[in-house]
Amino acid sequence: MSAEIIDAAISHHADWPAPGTKISKMSEIDLPRKSSGTEWWYYNLHLSLNDGRKASAFIAFFRTASLKPSASPISCTTGAAQTLVEHELCHTHLLNFAISILPADNLENSSSKSSEIQDDTSKGRYFFTSAMDADNAAYMRSIFEAETRMDPLILQSLLCVMREGKIPEPDTFIPGDVSVSEKGVLDLKYGDLASVVCSTNADGEDVYHIVARAVDGSYGFDIDLTPRKPPINHGANGVVQGDLVSPEDGMYYCFVPRCDVSGSVRIDAATVEVDSSNSTGWYDREFGGGIRKWSQPSTSSMESSWTWASAQLSNGWDLTVYTLCDVDIYSGESVVRDKRAIVISPEGTRIECDEHSLDNIENWTSMFTLNEYGTKWVLAVPQLDIYLSLQASFAKQEFRTICAGRGYWEGRVTVAGAMGGELVNGLGFVESVPPQFITKFEKYLKRIGSLVAVEVSRFYPDYLIDAEHAMDILAIESPRDISTNPDPLPRLRFTQDMCLDTLYKHYFAPVRHLTERGGKSWRSFLTIACIAIFGADPEHFRPLLAAAELLHTGSLIIDDIQDQSPMRRGVDSVHNIWGTATAINAGTAAYFAFETAMRSMSRFLRVEQIVRLYEIFFETMRAAHAGQALDIAGQQRSDLDDILAGRAHPSSLEKRVLSVHRLKTAIVAANLGKMSAIIADASPAQIDALATHLERVGIAFQIIDDVYDIRGWSHIINTQGLLAKKPVLKRRGDDIRSGKISIPIAKVGSMMPLDEARWVWETVLSKPGNDDATTQKVIDKLEAYGIVDECVKEAHKMVDDSWAELEPHLRDTPFKIYLRALGWYLVKYNSI
């Protein structure tokens, strides 16, 4: 990241405070500004509750001005000129609020839990609401409809939801009317969910009464916030850089870093009073930005990303810092646009510090959004000898909303370190918005690939440290019950005398050889998508990512031996490097990763779920091996003769090939989805519909895989207007060369004259091997008769028809959007 800050001229609007103006009370700038395209009122709170728990909360009221297409354009005369007014001003509204709850020390281990299932709520709980009015949703839809940079499959799937007047959960619509006071005192009412009203107390002080409640009323807060320090300008004398599409996009930014707080919090439908003597608040006010037209697409190759932090220290000082970056949505390259550090003394004196740094040193990746966030930061402000650590109270403080792409992290942090050589501590908030724009679905899947690599390394590490480590990784021996066996055999008897290097080279290394090359990881994606799509949290089930990948990797190793394939994922096949015997052993051993995963996940599952998952896994393995047996045997010459002699219908051969695809590939996808749905407690109807769709997707994927074999695994693609060539991943026409009857080959009986079909079948069964000319001649005939195109068409229809049957069983969530996009991706995005 470049340290150079981009300079830009920023227009100062007439309804902003004049440059150099010192704001004495926030009520002077509370009311909305007519020139502003975007503005918000933001409050955060650190609360001590009377029941001993700690809580932090924030709430942001957003208001956007835009130019909406006029339902009835009117003529407007100005002097001698007459123009047609085609747009009218429209204000849209969005509400974000969240509560982070930390357990009291004496309550940490006493939360109610199932007798069979464990959870991690002792670390903290995060409740959030994102709600918008109908105009905000319509405005967003108009932007998406004009979008040209986003992956078209995700975009199309998203618009299928929004064109029905809906928005993906967890976003929701604001119930009731929205009102924003234009005169007098601040009075915002966002339907039945939230409000803030400014009044004056007996001492003449501004008091902000803030109310927030969840749609179901189960959580929220009712707070009075009274500023205790004077307002402070942020940025350059109150002005910060906005999106900078034009100079009009600057923002005016003012805040109060310390406020008194009183009131109550609602948690689990119960109200808890706030200990006002140990609670504090913060108030941000920001407005500005240009006013956009509806349906006005962005053509920028950049997206904004930032980290903002506030801290209230035990010595009475407060501070806030931010780093705002522009990130290229194609390359990922980042440049700092603006960065600021403001420190406020106990008396309210503002000190701006040019030299500062805020670096994250620990990270967490959300299983819901696949966004990576910092969870621990180091802040240095050398000018004031400030060196602080900001640590997330718990990692899962992600706020999920389509309005930020997929989401952002905003949560409570504890602060510790030194200022002026003296130890200090305190509390703060961090807001982190990572780059997350998806230009290609394949890039989104690479995020899954990164998570898969981490989980695979837990099962198949980079090396074996010692006998203890080898024993843990191999998981050979289950824990013993000392009460029934007080003198167990030595635990390390299996590994203490073995050569760990030899074990690694012949057991772990062959598998890592393929996993490190990376695949699409779409099977792993299914495991978390199908948990989340039914409303469960996939966080505890990360090991399924590795289990799915290793199951697939093991099958690839065995497949390559049986098909005599020389390459896989652009490198030599495992058996070509380690030999057939080692490849068989390593490939089959990878299947048992599922049981290793179950060991780590079982504490989050009921016994009946565990039993059912094992049943489905073994069903999958039996089916896949049955399919492999049929695939190895291939289609018999007698079957082809029956078709050629008219004793069997030509379609019978195709059905037999499809049955192999169903057993080898489709059942794996279907059953991975089924297992995840069972984890999420989906209904039987939902499980059946999901499994049916994924089975069809699996078959369609295999059909397209057969198409790739015909058309080649290296092909020209268009990337940002440039021609680029994919690497050679596998030899073209391998199925033909090895004598395998794939779907395109099976179709020749229905789509070619019988004499032509006879030649194709006989040529394929002769196994032309390295005869490139003969292989190409078969390919040319398949293309000439439109057989390959027909395969692609059928695969597309299979996915679309099965989705239509599944869709009514799913709620409108982001994972529903991505699951639909995945089906299209597997048969369209990669079609050639």
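Residues numbered from 1 in each chain as written. Predicted model: local features only at pLDDT ≥ 70, side-chain atom pairs only at ≥ 80, totals over all residues. Heavy atoms only, no water.

Side note on the overall build of the chain
Note the threshold: Only DSSP runs of H or I reaching four residues or more are called helices, and only runs of E reaching two or more are called strands; each is numbered from the N terminus. As a reference, a globule follows 2.2 Å times the number of residues to the power 0.38, and the radius of gyration itself is taken over C-alpha atoms. Contacts: residue pairs with any heavy atoms within 4.5 Å of one another. With residues, only the protein chains shown are counted as cover, and all accessible areas are computed by Shrake-Rupley using a 1.4 Å probe. For the purpose of counting charges, residues Lys and Arg are taken to be positive, whereas Asp and Glu are taken to be negative. His and the chain ends are not included. Charged groups are reduced to one reference atom each: NZ for lysine, CZ for arginine, CG for aspartic acid, CD for glutamic acid.
Across its full length, the chain carries 21 helices and 30 strands. The globule rule puts the C-alpha radius of gyration for 832 residues at 28 Å, and the 31 Å found for the chain is close to it. Restricting to contacts in the chain with at least 6 residues of sequence separation, those with at least 24 account for 69%. About 35200 Å² of surface is accessible on the chain, with carbon and sulfur atoms providing 52% of the total. Here the chain contributes 82 positively and 110 negatively charged side chains, and the mean placements of these two sets differ by 5 Å.

Here's the deal with the nonpolar core
Threshold: Here, the term nonpolar core denotes a set of buried Ala, Val, Leu, Ile, Met, Phe, Trp, Tyr and Cys residues that are joined through side-chain atoms within 4.5 Å. Burial classes follow relative accessibility: with a 1.4 Å probe on protein chains only, a residue under 20% of its type's maximum area counts as buried, one over 50% as exposed, and anything between as partly exposed.
The biggest cluster of nonpolar side chains holds 146 residues, and the ones touching the most others in it are Phe815 and Leu822. Among the elements that make up this core, the one with the highest residue count is helix α14 (residues 684-711) (14 residues).

As for unusual backbone geometry
Across the junction of glutamate 169 and proline 170, the peptide omega takes the value 10°, indicating a cis bond. By the element assignment, proline 170 lies in the loop between α2 (152-162) and β5 (172-173). Its identity as a non-glycine residue notwithstanding, aspartate 268 has a phi of 50°, on the positive side. Tracing the sequence through the fold places aspartate 268 in the loop between β13 (251-267) and β14 (270-273). Despite not being glycine, arginine 569 shows a phi value in the positive range, around 55°. With respect to the helices and strands, arginine 569 occurs in the loop between β27 (567-568) and β28 (571-572). For arginine 569, a relative accessible area of 15% puts it in the buried group.

Topic: helix α9 (residues 580-589)
Test applied: Note that the arc is computed from the directions linking the helix axis to the C-beta atoms.
Among all positions in α9, only Thr582, Ala583, Ala586, Gly587 and Ala589 are buried. Considered in projection along α9, the buried side chains sweep an arc of 165° and stay on one side of the axis. Against the buried residues of α9 lie α5 (500-515), α7 (543-563), α8 (574-578) and α10 (593-601).

Overview of the pairing of strand β23 (residues 386-392)
The two faces of a sheet get side chains in turn, since along a regular strand they alternate between them. Inclusion rule: When DSSP locates at least two bridges between a pair of strands, those strands are taken to pair.
Residues Ile386, Leu388, Leu390 and Ala392 of β23 are buried on one face, while the alternating residues Tyr387, Ser389 and Gln391, pointing to the opposite face, are not. Note: strand β22 (residues 372-381) against β23, six bridges, orientation antiparallel. Opposite lysine 376, over in β23, you have glutamine 391 as the bridge partner. Connecting β22 to the next strand, β23, in antiparallel fashion are four residues, including aspartate 385 with a positive phi near 55°. Where β23 and strand β25 (residues 407-419) come together, seven bridges link them in antiparallel fashion.

Here's the deal with the side chain of threonine 64
Considering the arrangement of structural elements, one finds threonine 64 in strand β2 (residues 54-78). Dropping the residues within four chain positions of it, threonine 64 is found in contact with Gly37, Thr38, Cys90, His91 and Thr92.

A few points about the state of the cysteines
Under the convention used in this document: When two cysteine sulfur atoms lie within 2.5 Å, the pair is treated as a disulfide.
Counted under the stated rule, the structure contains zero disulfides. Among the cysteines around cysteine 198, which has no disulfide bond, cysteine 259 carries the closest sulfur, lying 11 Å off.

Remarks on the pairing of strand β10 (residues 220-227)
When you tally the buried positions in β10, you get six out of eight residues, the bulk of the element. In the sheet, strand β9 (residues 206-213) pairs with β10 via six bridges, with the strands oriented antiparallel. By the bridge assignment, alanine 212 is partnered in β10 with phenylalanine 221. In this structure, the hairpin formed by β9 and β10 is closed by a connection of six residues, where glycine 217 is found at a positive phi of approximately 75°. Bridge count for β10 against β13 is eight bridges, and the pairing is antiparallel. Along β13, the bridge assignment pairs phenylalanine 221 with valine 265.

Focus: the domain arrangement of the chain
You'll often see interface size given as the accessible area lost when the parts meet. In plain terms, the rule: Where each domain begins and ends is defined by an automated method or by a domain database. Simply put, the buried area is the total loss of 1.4 Å probe accessible area from both parts when two parts are fitted together. Put simply, a salt bridge is a Lys or Arg side-chain nitrogen that is within 4 Å of an Asp or Glu carboxyl oxygen. Each polar contact in these results corresponds to two N or O atoms within 3.5 Å; when the atoms are within protein, one needs to be able to donate a hydrogen and the other to accept it, and residues that are neighboring in sequence are counted only if both atoms are side-chain atoms.
We note that the domain assignment places domain 1 (1-70 + 88-103 + 123-132 + 178-296), domain 2 (300-439), domain 3 (458-475 + 496-604) and domain 4 (605-713 + 730-831) within the chain. Taking the mean C-alpha position of each, domain 3 and domain 4 sit 24 Å from one another. Taken residue by residue, the interface counts 33 residues in domain 3 and 39 residues in domain 4. The junction of domain 3 with domain 4 conceals about 3300 Å² of combined surface from both sides, 76% of it contributed by carbon and sulfur atoms. Considering only the surface of domain 3 that becomes buried against domain 4, Trp522, Ile533 and Phe534 emerge as the three largest contributors, covering 22% of it. Counting across the interface, domain 3 meets domain 4 through one salt bridge. With its nearest N and O atoms 3.4 Å apart, the salt bridge here joins lysine 664 to aspartate 559. Inspection of the domain 3/domain 4 interface yields five residue pairs in polar contact (both at pLDDT 80 or more).

A few points about the packing of aromatic side chains
How two aromatic rings sit relative to each other is set out by the distance from centre to centre and by the angle between their planes. For clarity, the threshold we go by: Between rings of Phe, Tyr and Trp, where Trp is taken as its six-membered ring, a pair exists when centres lie within 6.5 Å; planes separated by under 30 degrees are stacked, by over 60 edge-to-face, and by other angles tilted.
By the definition in use, this model includes 40 aromatic pairs. A ring pair is formed by tyrosine 42 and tryptophan 308, whose centres lie 5.7 Å apart and whose planes are at 80°; its orientation type is edge-to-face. Remark: tryptophan 308 occurs in strand β17 (residues 302-313) and tyrosine 42 occurs in strand β1 (residues 38-48); sequence separation between them is 266 residues. There is no split in this pair, since tyrosine 42 and tryptophan 308 are both buried. Taken together, the ring pairs in this structure connect Tyr42, Phe58, Tyr126, Phe128, Tyr253, Phe255, Trp282, Trp308, Phe399, Tyr408 and Phe429 into an aromatic cluster.

Focus: empty space enclosed by the protein
Put simply, the rule is: Cavities and pockets are defined on a 1 Å grid built over the protein atoms alone: a cavity is a set of grid points where a 1.4 Å probe fits but cannot escape, while a pocket is an open set with protein on both sides within 12 Å along at least five of seven lines, and lining residues are those with an atom within 4 Å of any such point. Grid points are joined across faces, edges and corners, and a volume is the space filled by probe spheres set on the points.
A full pass over the atoms with the stated rule returns one cavity of 30 Å³ or more. Secondary-structure elements contributing two or more residues to the lining of the largest cavity are α7 and α13 (651-679). Sorting elements by how many residues they give to the lining of the largest cavity places α7 first, with four residues. Looking at the lining of the largest cavity, you find at least three residues from each of domain 3 (458-475 + 496-604) and domain 4 (605-713 + 730-831).

Here's the deal with the packing of helix α4 (residues 467-474) against α5
What counts is decided by this rule: Only the contacting stretch of a helix is used when fitting its axis, a line to C-alpha atoms as for every element, and angles between N-to-C directions run 0 to 180 degrees. Roughly parallel refers to an angle under 35 degrees, roughly antiparallel to one over 145, roughly perpendicular to one between 65 and 115, and oblique to any angle outside these ranges. Working rule for handedness: look at the near helix, and if it is turned counterclockwise from the far one by less than a right angle, call the crossing left-handed; if clockwise, right-handed. Put simply, Ala, Val, Leu, Ile, Met, Phe, Trp, Tyr, Cys and Pro go in the nonpolar bin, Asp, Glu, Lys and Arg in the charged bin, and everything else, Gly too, in the polar bin.
Relative orientation of the contacting elements α4 and α5 amounts to 25°, with a least axis distance of 11 Å. In terms of their interaxial angle, α4 and α5 are classed as roughly parallel. Regarding α4 and α5, the two cross each other, and that crossing is left-handed. Between α4 and α5, the contacting residues are Ala467, Ala470, Ile473 and Leu474 on the first element and Leu500, Leu503, Tyr507 and Phe508 on the second. A breakdown of the residues in the contact of α4 with α5 according to their chemical character gives eight nonpolar, no polar and no charged.

Overview of the pattern of salt bridges
The final tally for this structure, using the stated rule, is 49 salt bridges. A salt bridge links arginine 458 to glutamate 455; the shortest N-O distance between them is 3.3 Å. Taken together, the residues arginine 458 and glutamate 455, both in helix α3 (residues 441-459) and three residues apart, mark about one turn of the helix. Taking relative accessible area as the criterion, glutamate 455 reaches 4% and is therefore assigned buried. Across the pair arginine 491 and glutamate 468 runs a salt bridge, and its minimum N-O distance is 2.7 Å. Residue arginine 491 is located in the loop between α4 and α5, and its partner glutamate 468 is located in helix α4; the two are separated by 23 residues in the primary sequence. A relative accessible area of 33% means that arginine 491 is categorised as partly exposed. Taken together, the salt bridges that share partners define one network made up of Glu164, Lys166, Glu807, Asp812 and Lys816.

Brief notes about the environment of cysteine 325
Tracing the backbone through its elements, the reader meets cysteine 325 in strand β18 (residues 318-328). Spatially, the C-alpha atom of cysteine 325 lies 23 Å from that of methionine 140, the residues being 185 residues apart in sequence.

Observations concerning α14
Quick note on the threshold: Helices are assigned an expected span. That span is 1.5 Å times one less than the residue count.
Between its first and last C-alpha atoms α14 spans 40 Å; for 28 residues at 1.5 Å apiece the expected length is 40 Å, and the two agree. Extensive coverage of α14 is indicated by the burial of 20 of its 28 residues. Taken from the residues just after α14, glycine 712 is the one with a positive phi, measuring 110°.

With respect to the environment of glutamate 28
Looking at the secondary structure, you find glutamate 28 in the segment before β1. Setting aside chain neighbours within four positions, we find glutamate 28 in contact with Ile23 and Arg33.

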